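Chain and residue survey
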Amino acid sequence: MLEKLEKEIELSEEVLNGLPINNKKNKEKFLKEISSEIANYQKKLDDVKSELKRRLQPFENLKYQEIDNNEVTLRNLLKALSYTNTLSTAYEKLDLDKIIYQLANYNDDELISNNMKIIKAINVFKRVNIPLTNKDFNYTNFVNDYMSMFFEDGLTNEKIKNKFDSIYWQCPNIITQIELNFRYLYLKNSSRAEKYIEVVNKQVKERFRNAETTILDDYNYLRRKNDDFVSKNNLILDFYNQTLDIDEYSDEKIEAITSSLFKNGDFDNSKVDLIKQMLNSIKEYKNYLKYKDLIDKARTLYNDTLEKDYMKKTIKKISDLESKLFKLTKKSLSKTSKTSVDKMEPEINSKITEIKTIYDEIDSNMFKVMVKDHIRDNSTIFKVFLLVCQYYKILADYFKEKEEGISYEEIDKRIEELFEFTMDPNNTLINNVTLLETRELSDIIITNYKMANINIDEALIDESSLDDLIMNLEKIIINNQIKVLGISIKDLQDAKLIKTVDLN
């Protein structure tokens, strides 16, 4: 059509150039001919635009197909898995470890936020049938005075600020003392908290015939359902809206990719499943590299030594110090003046400092304790990831080291991302390779896919090359989906070209 139009224009030019314009009559005739030609080509232009719009209409009428939103169900299943596993205690399952950690690392300028955490902690105890009163907060008289307002009616931000201001100058470490008091209350009531978890787990097991196995099966089913969902409409619209560039998925472009990946260009549609497996492996490897330093640390801690019955002995030290503290607190009157403080206060503060120091030591050794308690010679990398996902303190410290200034909201997001990676049903490497395996995961991947006649080496799966490899593998898969779904690549390429034209 374009060649025909070009010839018509060429002929019109010859005719117009041959017309005389030597007098008024001839000029008028010439202008009339030009007007006629303009009208003629304007009609052709309008017809072309109409035709182009007609060709776009089928795409314009398409709408994105909604995907089932299983996010809430998946999160609930993960929560159920966290509750039913044996890798953590009620302290972690109830998120008390998270609340206490944030109290222990509080910001002075977040008074209301810190007090909201105190309310959360009180509510956790209430949920596990351990209703607290102000009498339970007996670490110091300052703690008892401060905590009393949480058990009175009419708690407001202004009341919190006033109470804090009245106590802070006498007791600058009031939040720390409250944190330690909560730790004490948990240890005192830990058996009751564990019984609550047992009851919850029993209810979960009554809903799922095989408990953990069935929960995991349901989780894997929904994850795969989300991952495997392919909509013809959605794929077409992604190309039409140029979220994806159709030219990058043409047979010619895909052939160039497969020729470089497969020895002797040995690729056909029967190899698509192999490509999917490889894509999953490369994505898993990329995520593994993201958290490799966490695994390296676990491996180091596994080979470190730890005092026998470390936790039991250390908690006993704290208990002995707390007994002395409570005796001092009972003697204390918390009376201060401009010239002196209560005579018991220096000794009380000394005991609190000792207790805090021991808790800090426990916290710094938490990762090692967990590794020593739960990891064995044959434990997989998956188990290490699963283990650390149960302990907020370990991961909060880990992400703080990686990202300076990271917020607690961002830490929650990072933990969720790690947990989702850990539980990905497409994982094969971390589920089968042990923590103590000396071979690099890259070597395992290369050996496996070389045997499948794929050109793969260290350069191809170098960390800097992974994104390009993932993109190319995805292109092969999407090209196959285009064919299976009967989508015309040419129609989409034409539509892409048409959309560059002003049709108004």
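Just above, that's the structure.
Reference entry: report on the structure contained in this document. Bear in mind the structure is a predicted one, so any value in this text is a computation, not a measurement.

1. A few points about the overall build of the chain
Scanning the chain from terminus to terminus reveals 23 helices and zero strands. For 504 residues, the compact-globule estimate of 2.2 N^0.38 gives 23 Å, and the C-alpha radius of gyration of the chain, at 35 Å, exceeds that figure by more than 25%. Counting the 504 residues in the chain, one finds 42% classified as buried. The long-range fraction of contacts in the chain, counting pairs at least 24 apart against all pairs at least 6 apart in sequence, stands at 76%. As displayed, the chain offers around 29000 Å² of accessible surface, 49% of which is attributable to carbon and sulfur atoms.

2. Regarding the packing of aromatic side chains
Per the counting criterion, the structure on display carries 20 aromatic pairs. Here the aromatic rings of Tyr184 and Phe326 are separated by 5.0 Å at their centres, their planes lie at 65 degrees, and the arrangement is edge-to-face. Of this pair, Tyr184 sits in helix H9 (residues 174-207) while Phe326 sits in helix H15 (residues 310-331), and the two are 142 residues apart along the sequence. Each of the two residues, Tyr184 as well as Phe326, counts as buried. With 5.0 Å between their ring centres and 65 degrees between their planes, Tyr398 and Phe399 make a pair best called edge-to-face. We classify Tyr398 as buried; its relative accessible area is 8%. The rings of Tyr146, Phe150, Phe164, Tyr168 and Trp169 are connected pair by pair, giving a single aromatic cluster. Over the ring of Tyr302 we find Lys372; its NZ or CZ atom is 5.8 Å from the centre of that ring.

3. What to know about the nonpolar core
Counting residues in each nonpolar core, the largest one holds 129 residues, and the members touching the most others are Tyr146, Met147, Ile174, Phe182 and Phe385. Residues contacting Ile174, with those up to four places away along its chain left out, are Phe142, Val143, Tyr146, Phe164 and Ile167. Formed by 18 residues, the second largest nonpolar core is a distinct cluster that contains Leu244, Ile489, Ala495 and Leu503.

4. Here's the deal with the packing of H9 against helix H16 (residues 345-374)
Contact geometry of H9 with H16 gives a least axis separation of 11 Å together with a crossing angle of 65 degrees. One element, H9, and the other, H16, form an angle in the roughly perpendicular class. Between H9 and H16 the crossing geometry is left-handed. Where H9 abuts H16, its residues Thr176, Gln177, Glu179, Leu180, Arg183, Tyr184 and Leu187 lie against Asn349, Ile352, Ile355, Lys356, Tyr359 and Asp363. A class-by-class count of the residues in the contact of H9 with H16 yields six nonpolar, three polar and four charged.

5. Here we look at the pattern of salt bridges
Inspection of the entire model under this criterion finds 32 salt bridges. In this structure, Arg55 and Glu51 form a salt bridge, with 3.0 Å as the shortest nitrogen-oxygen distance. Placement of both Arg55 and Glu51 in helix H2 (residues 24-60) is noted, with a separation of four residues, approximately one turn of the helix. Judged by relative accessible area, Glu51 falls into the partly exposed class, the value being 26%. One salt bridge connects Asp251 with Lys483, and the closest N-O pair in it is separated by 3.5 Å. Placement of Asp251 in helix H12 (residues 251-261) and of Lys483 in helix H22 (residues 466-484) is noted, with a sequence separation of 232 residues between them. Residue classification places Lys483 among the partly exposed residues on the basis of a relative accessible area of 44%. Via salt bridges that share partners, Glu179, Arg183, Lys356, Asp360 and Asp363 belong to a single interconnected network.

6. A word on helix H5 (residues 96-104)
Burial analysis of H5 places seven of its nine residues in the buried class, which makes it a mostly covered element. Leu96, Asp97, Ile99, Ile100, Tyr101, Gln102 and Leu103 are the residues of H5 that are buried.

7. Points about the environment of Glu71
Structurally, Glu71 can be placed in helix H3 (residues 71-84). In this structure the C-alpha to C-alpha distance between Glu71 and Leu222, which are 151 residues apart in sequence, comes to 9.2 Å.

Thresholds applied
- Residues numbered from 1 in each chain as written.
- Predicted model: local features only at pLDDT ≥ 70, side-chain atom pairs only at ≥ 80, totals over all residues.
- Heavy atoms only, no water.
- Helix = DSSP H or I, 4+ residues; strand = E, 2+ residues; numbered from the N terminus.
- Rg over C-alpha atoms; globule rule 2.2 N^0.38 Å.
- Buried < 20%, exposed > 50% of the residue type's maximum accessible area, 1.4 Å probe, protein only.
- Contact = heavy atoms within 4.5 Å.
- Areas by Shrake-Rupley, 256 points an atom, 1.4 Å probe, with all protein chains shown as cover.
- Phe/Tyr/Trp six-rings, centres within 6.5 Å; stacked < 30°, edge-to-face > 60°.
- Lys NZ or Arg CZ within 6 Å of the ring centre and 35° of its normal.
- Core = buried A, V, L, I, M, F, W, Y, C linked by side-chain atoms within 4.5 Å.
- Axes fitted to C-alpha atoms, helices over the stretch in contact; angles between N-to-C directions.
- Parallel < 35°, antiparallel > 145°, perpendicular 65-115°, else oblique.
- Left-handed = near helix turned anticlockwise from the far one by under 90°.
- Nonpolar A, V, L, I, M, F, W, Y, C, P; charged D, E, K, R; others polar.
- Salt bridge = Lys/Arg side-chain N within 4 Å of Asp/Glu carboxyl O.

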